[in-house]
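Structural overview
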Amino acid sequence: SAGLATTRIGTSIICLKETESTNQVAFRMAEEGAAEGTVVIADAQSAGKGRLGRIWLSPPGVNLYCSVVLRPAIAPMAACQLTFLSVVAVARTIESCTALTPQIKWPNDILINGKKVAGLLNEMNAETEKVNFVVLGIGVNLNLDMSSISESLLRHPATSLLEQGGAEVDRLAFTRALLVELDRLYDVFLREGEGPVRAEWLERSAIKGRNVKVSQGEREFVGMVQGVDSFGALLVQLSDGKVETVLSGDVALI
Ligand code: BTN
């Protein structure tokens, strides 16, 4: 485990020069029986996957692209709870490696000064009753020179830790710190359930009690965020007092 002080994550670490997508490689390895804690890291991705079928820009050398295989004994419904893990791990790591303050945007974006700096994509292989494995995909813009990226390629305003902090981030140190945080959080998750990690997620996301506009395709509504349920859905209270459970969509503070 390359001297990592972890118990589960990083039992084996595969580093690739370039691949289509670390999620894809990790998924295939997991299908072939790769152990829990297997990590796949690439220097560049030729077809990095984002949420909703989008592309994740993955130029070589500057960013972190990694995927982690987990095999928790949980039901498929509960697998979305693992998103809290990667979000909180990335937020903690940004804080420990830089002087920056990350914000969490539901469901799984990490922003700095309102611009996206990291993205997470979990993919699951499950049967009706149980999860076989989950791949946690994590992409963090570390030293990306934003002026090299055409705005038209970006769906949302994006940034990098370099752009925000004005200093290069040591990629190896960041990666190690991230894997250590993930290992700690996963340990808490297995011992105590999703509660503690969700609580930290909620505290960091700073949306509790805030008014938001929710867009779900054609449908839009406003309300006040009450919290997030154990399945990761946002609970939004409407003006008539009813509470909507928001499983997907875009949420903006108003
Ligand atoms: C998003 O749309 O916000 C999610 C982006 C996830 C990107 C990471 S980079 C490492 C891993 N491999 C992929 O192909 N995607 C994830």
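Rules used throughout
- Residues numbered from 1 in each chain as written.
- Predicted model: local features only at pLDDT ≥ 70, side-chain atom pairs only at ≥ 80, totals over all residues.
- Heavy atoms only, no water.
- Near = heavy atom within 4 Å.
- Polar contact = N/O pair within 3.5 Å; in protein donor to acceptor, adjacent residues only side chain to side chain.
- Areas by Shrake-Rupley, 256 points an atom, 1.4 Å probe, with all protein chains shown as cover.
- 1 Å grid on protein atoms, 1.4 Å probe; cavity = no way out; pocket = protein on both sides within 12 Å on 5 of 7 lines; lining within 4 Å.
- Sits in = over half its atoms within 2 Å of the grid points.
- Domains from an automatic or database assignment.
- Contact = heavy atoms within 4.5 Å.
- Buried area = accessible area lost by both parts, 1.4 Å probe.
- Salt bridge = Lys/Arg side-chain N within 4 Å of Asp/Glu carboxyl O.
- Core = buried A, V, L, I, M, F, W, Y, C linked by side-chain atoms within 4.5 Å.
- Buried < 20%, exposed > 50% of the residue type's maximum accessible area, 1.4 Å probe, protein only.
- Pairing = 2+ DSSP bridges.
- Helix = DSSP H or I, 4+ residues; strand = E, 2+ residues; numbered from the N terminus.
- Axes fitted to C-alpha atoms, helices over the stretch in contact; angles between N-to-C directions.

Now for the site of the ligand. Taken together, 19 residues are adjacent to the ligand, and Ser21, Gln45, Lys49, Arg51 and Lys116 come closest. The separation between a nitrogen atom of the ligand and a polar side-chain atom of glutamine 45 is 3.0 Å. Burial of the ligand by the protein amounts to 98% of the accessible area it has alone, namely 420 Å². Judged by the proximity of its atoms to the pocket grid, the ligand belongs to the second largest pocket.

Moving on: the domain arrangement of the protein chain. One frequently used descriptor of interface size is the decrease in accessible area upon assembly of the parts. According to the domain assignment, the protein chain consists of domain 1 (13-204) and domain 2 (207-253). For domain 1 versus domain 2, the separation of C-alpha centres amounts to 24 Å. Counting from both sides, the interface comprises 11 residues of domain 1 and, opposite them, 16 residues of domain 2. Here domain 1 packs against domain 2, burying approximately 1,200 Å² in sum over the two surfaces, 65% of which is carbon and sulfur. The largest contributions to the domain 1 side of the interface with domain 2 come from Trp106, Arg198 and Leu202, which together make up 54% of the buried area. The closest approach of N and O atoms between aspartate 250 and lysine 105, which form a salt bridge, is 4.0 Å.

Now for the nonpolar core. Formed by 57 residues in total, the largest nonpolar core has its most connected members in Leu82, Leu85, Val90, Ile94, Val140, Leu161 and Trp201. Here this core gathers at least three residues from each of two domains, domain 1 (13-204) and domain 2 (207-253). Counting residues in each nonpolar core, the second largest holds eight residues, with Ala26, Phe27, Ala30 and Val40 among its members.

Spatially, S1-S2-S3-S7-S6-S5-S4 is the arrangement adopted by the seven strands of the open sheet, whose pairing is mixed. Across the chains shown, the open sheet's two edge strands, defined by having one partner strand only, are strand S1 (13-19) and strand S4 (103-105). Direction aside, neighbouring strands of the sheet carry axes that sit 20° apart on average. Summarising the sheet, strand S2 (residues 39-45) and strand S3 (residues 64-70) pair through four bridges and their orientation is antiparallel. The residue bridging valine 39 from the neighbouring strand is valine 68, located in S3. Relative to strand S6 (residues 115-126), helix H2 (residues 82-97) is tilted by about 150°, and along the sheet it contacts S3, S4, strand S5 (109-112), S6 and strand S7 (131-140).

Attention shifts here to the pairing of strand S8 (residues 211-216). Where S8 meets strand S9 (residues 219-228), six bridges bridge the pair, whose relative direction is antiparallel. By the bridge assignment for S9, valine 214 is matched with phenylalanine 221. Strand direction decides the pairing type here: S8 and strand S12 (residues 250-253), joined by four bridges, are antiparallel. Along S12, the bridge assignment pairs lysine 213 with alanine 252.

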